[in-house]
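Architecture at a glance
This is what each chain is made of:
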Amino acid sequence: MMDWTVIASGVLVISGALLTIVGAYGTLRLPDIYTRLHAASITDTLATFLVLAGLAVPSLVAGEWLIAIKLLFVLIFLWFTSPIASYSIGHAAFFAAQKPKLDHDLTDAEGGTA
Amino acid sequence: MIYGVAALGLLVAMLFAIIRALLGPTLMDRVMAVNMFGTKTVLLLAVLGYLAGRPEFLDLALVYALMNFISIIAVLKYFRYRDLGQSRVRS
Amino acid sequence: MSVGEWEALINVVLLGLLLVVTFGIIRLRNLFGVVMLAGIYSLLMAMVFTLLDAVDVAFTEAAVGAGVSTILSLGTLALIDSRREKIPFRFQFTPMLVALVTGAVLLWGMQDMPAVGTADAPNQVHVAPYYIERTPVEIDVPNIVTAVLASYRGFDTLGEVTVIFTAGIGVMMLLSSMPVIGARRRRRRNGDDQENDT
């Protein structure tokens, strides 16, 4: 039962799930919207790749290439659209004049506009 | 069993996203939480398909990956322009 | 643990998350946040539907509930004052009593029904074999669900299509951004003209 496909798929999927937990916990603990976006985008890119690659390994070994191609398409769509969405959220937050939480005030240090 | 444990891990991450959507003091926190929840949904649908032995659920994951992106962009467009129709030129 | 037990556990956790989201929708003051949480609710329901092996219903729920319904609610919020919050929460005893009594009566009446999926339930013995046997003879389409929806239960589908079409027309008229129909735009344009005149 414990051949290498099960072990490889298990390692990939479990590590992807652990990474999503870490990223989601980061959005709870980090202080600001901009830092929380950093944590959330980990789950969008790397964790997605790990989970979907771990799911593709048993299908490729069993010879069902159609399912592997579907997984590849899901991965490509998520990789194209998630960073755009994260950037748009950050842009919208900046346009809504949400200042990032810093140790010092930007206007004092730079001597100009924030 | 692997897929069950991974599905439980994804559900824990979804719980954190829901807590952030409930707590988030500003609106952008909630939008970010919904976006993250959508990505988790796609992953969980794929894992549930393998758990139940029916990889046909991948079609649903494919549709949802696109719907999530479009709805988040529509929400942000609303917040930017205060209008969901064509973007008006502010004169 | 077997696959069935894992599915039951994931089902229980998903229903627990539904409870958390529902609590948040009720208690949250900001209307935009409520719209976002309603999107999360639709996503959770779509996953419950896939666990129940109803993938087409999950398609519809994900596309309509989390996509279109969120955008339509935001369009509605654009028409009213965007700073408005919900009316304050007042505890009322009689509606809660009616809801609890109705729920208890429904749960008590459910005890007499057969369990989900048993082979000797009336619909499995009488209705389902009829559809399965008569569809290739009478209608001759490969999908039995389509035959049931379009032919055997055709009046039901007619009623549903009428309701959805009427709702669609109503929503389009309310949220329309075409200058001919949208009343708010017409008012604003007339108001601007009056401002330019004076």
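Residues numbered from 1 in each chain as written. Chains lettered and ligands numbered in written order. Predicted model: local features only at pLDDT ≥ 70, side-chain atom pairs only at ≥ 80, totals over all residues.

1. Overview of the overall build of chain B
Convention followed: Per the convention used, a helix needs a DSSP run of H or I reaching at least four residues, while a strand needs a run of E reaching at least two, with both numbered from the N terminus. Buried means a residue has 20 or more other C-beta atoms within 10 Å of its own C-beta, exposed means 12 or fewer, and partly exposed covers the counts in between; C-beta atoms are placed from the backbone. Contacts here follow a simple rule: the backbone-placed C-beta atoms of the two residues must lie within 7 Å.
Per the secondary structure count, chain B includes three helices and zero strands. Relative to its 91 residues, chain B shows a buried fraction of 56%. Put simply, 38% of the contacts in chain B that link residues at least 6 apart link residues at least 24 apart.

2. Structural notes on the interface of chain B and chain C
For interface size, the figure often reported is the accessible area lost on association. Using the following cut-off: Amino acid classes used here: Ala, Val, Leu, Ile, Met, Phe, Trp, Tyr, Cys and Pro are nonpolar; Asp, Glu, Lys and Arg are charged; the rest, including Gly, are polar.
Across the contact, 36 residues belong to chain B and 33 residues belong to chain C. Counting only elements with at least two residues in the side of chain B that touches chain C, the list comes to α1 (2-23), α2 (27-51) and α3 (58-81) of chain B. Per element, the largest residue contribution to the side of chain B that touches chain C is 11 residues, and it comes from α2(B). Of the residues in the side of chain B that touches chain C, the class split is 27 nonpolar, five polar and four charged.

3. Notes on the confidence of the model for chain A
Formally: For every residue, the pLDDT score states the predictor's confidence, bounded by 0 at the bottom and 100 at the top.
On average, chain A scores 85 in pLDDT, and the residues at 70 or more come to 89%. The secondary structure element of chain A with the lowest average pLDDT is helix α4 (residues 106-110) of chain A, at 54, and the one with the highest is helix α1 (residues 4-29) of chain A, at 92.

4. Structural notes on helix α7 (residues 154-175) of chain C
Condition: Expected helix span is given by 1.5 Å per residue-to-residue step, counting one fewer step than there are residues.
With 22 residues, α7(C) extends 32 Å between its outermost C-alpha atoms, agreeing within 8% with the 32 Å of an ideal straight helix rising 1.5 Å per residue. Counting buried residues along α7(C), only zero of its 22 residues qualify, which leaves the element largely exposed.

5. A closer look at the environment of A:Thr48
When you line up the elements, A:Thr48 lands in helix α2 (residues 33-62). A tally of 25 C-beta atoms within 10 Å means that A:Thr48 is categorised as buried. Residues A:Thr48 and A:Ile67, 19 residues apart in the sequence, show an inter-C-alpha distance of 16 Å. Not counting the four nearest positions on each side in its chain, A:Thr48 is found in contact with A:Leu75, A:Leu78, B:Thr39 and B:Leu43.

6. Thoughts on the packing of helix α5 (residues 122-138) of chain C against helix α6 (residues 144-152) of chain C
Residues and elements named next belong to chain C. Put simply, the test is: Between N-to-C directions, angles cover 0 to 180 degrees, with each direction set by a line fitted to C-alpha atoms, over the stretch in contact for helices. The labels follow the angle: roughly parallel below 35 degrees, roughly antiparallel above 145, roughly perpendicular from 65 to 115, and oblique for the rest.
It is the contact of α5 with α6, at a shortest axis distance of 10 Å, that shows an interaxial angle of 85°. Taken together, α5 and α6 sit at an angle that is classed as roughly perpendicular. Seen from α5, the contacting residues are Tyr 131, Ile 132 and Thr 135; seen from α6, they are Ile 144, Ala 147, Val 148 and Tyr 152. By residue class, the composition of the contact of α5 with α6 is six nonpolar, one polar and no charged.

7. Examining unusual backbone geometry
Residue and element names in this part refer to chain C. Phi at Asp 53 takes a positive value of approximately 70°, unusual for a residue other than glycine. By secondary structure assignment, the location of Asp 53 is in the loop between α2 (31-51) and α3 (55-79). Its identity is not glycine, yet Asp 140 carries a phi of approximately 65°, on the positive side. Along the chain, Asp 140 falls in the loop between α5 and α6. According to the C-beta neighbour criterion, Asp 140 is exposed, with 8 such atoms within 10 Å.

8. Remarks on the environment of B:Leu66
Residues and elements named next belong to chain B. Relative to the helices and strands, Leu 66 is located in helix α3. With 16 C-beta atoms counted inside 10 Å, the residue Leu 66 sits in the partly exposed group. Along the primary structure Leu 66 and Val 42 are separated by 24 residues, whereas in three dimensions their C-alpha atoms are 9.9 Å apart.

9. Overview of α2(B)
Along an α-helix, a turn takes 3.6 residues, which lines up residues three or four apart on a common side. An ideal rise of 1.5 Å per residue puts 36 Å on 25 residues; α2(B) measures up with 35 Å between its terminal C-alpha atoms. When you tally the buried positions in α2(B), you get 24 out of 25 residues, the bulk of the element.

10. Some remarks on the interface of chain A and chain B
Facing 39 residues of chain A, the contacting portion of chain B comprises 38 residues. Elements that contribute at least two residues to the side of chain A that touches chain B include exactly α1, α2 and α3 (65-95) of chain A. Among the elements that line the side of chain A that touches chain B, the one with the most residues is α3(A), at 15 residues. Here the side of chain A that touches chain B is built from residues that sort into 26 nonpolar, 10 polar and three charged.

11. Quick notes on the nonpolar core
Put simply, the rule is: Note on terminology: a nonpolar core is a set of buried residues of type Ala, Val, Leu, Ile, Met, Phe, Trp, Tyr or Cys, with members joined through C-beta atoms within 7 Å.
Residues B:Ala46 and B:Val47 are the most contacted members of the largest nonpolar core, which totals 80 residues. No other element matches the 16 residues that α2(B) contributes to this core. Setting aside chain neighbours within four positions, we find B:Val47 in contact with A:Val51, A:Leu55, B:Tyr3, B:Ala6, B:Ala7 and B:Leu10.

12. Here we look at the packing of α3(B) against α3(C)
Contact pair α3(B) / α3(C): the axes reach a minimum separation of 10 Å and the direction vectors enclose 5°. With respect to α3(C), the axis of α3(B) lies roughly parallel. Between α3(B), through B:Leu60, B:Val63, B:Tyr64, B:Met67, B:Ile70, B:Ser71, B:Ala74, B:Val75 and B:Tyr78, and α3(C), the contact on the second element is made entirely by C:Val55, C:Ala58, C:Phe59, C:Ala62, C:Ala63, C:Ala66, C:Gly67, C:Thr70, C:Ile71, C:Leu74 and C:Ala78.

13. A look at the environment of B:Ala46
Secondary-structure assignment places B:Ala46 in helix α2. Each C-alpha atom of the pair B:Ala46 and B:Ala61 lies 6.4 Å from the other, and the pair is 15 residues apart in sequence. For B:Ala46, the residues in contact, after removing those within four places along its chain, are A:Leu52, A:Leu55, A:Val74, B:Phe57, B:Leu58 and B:Ala61.

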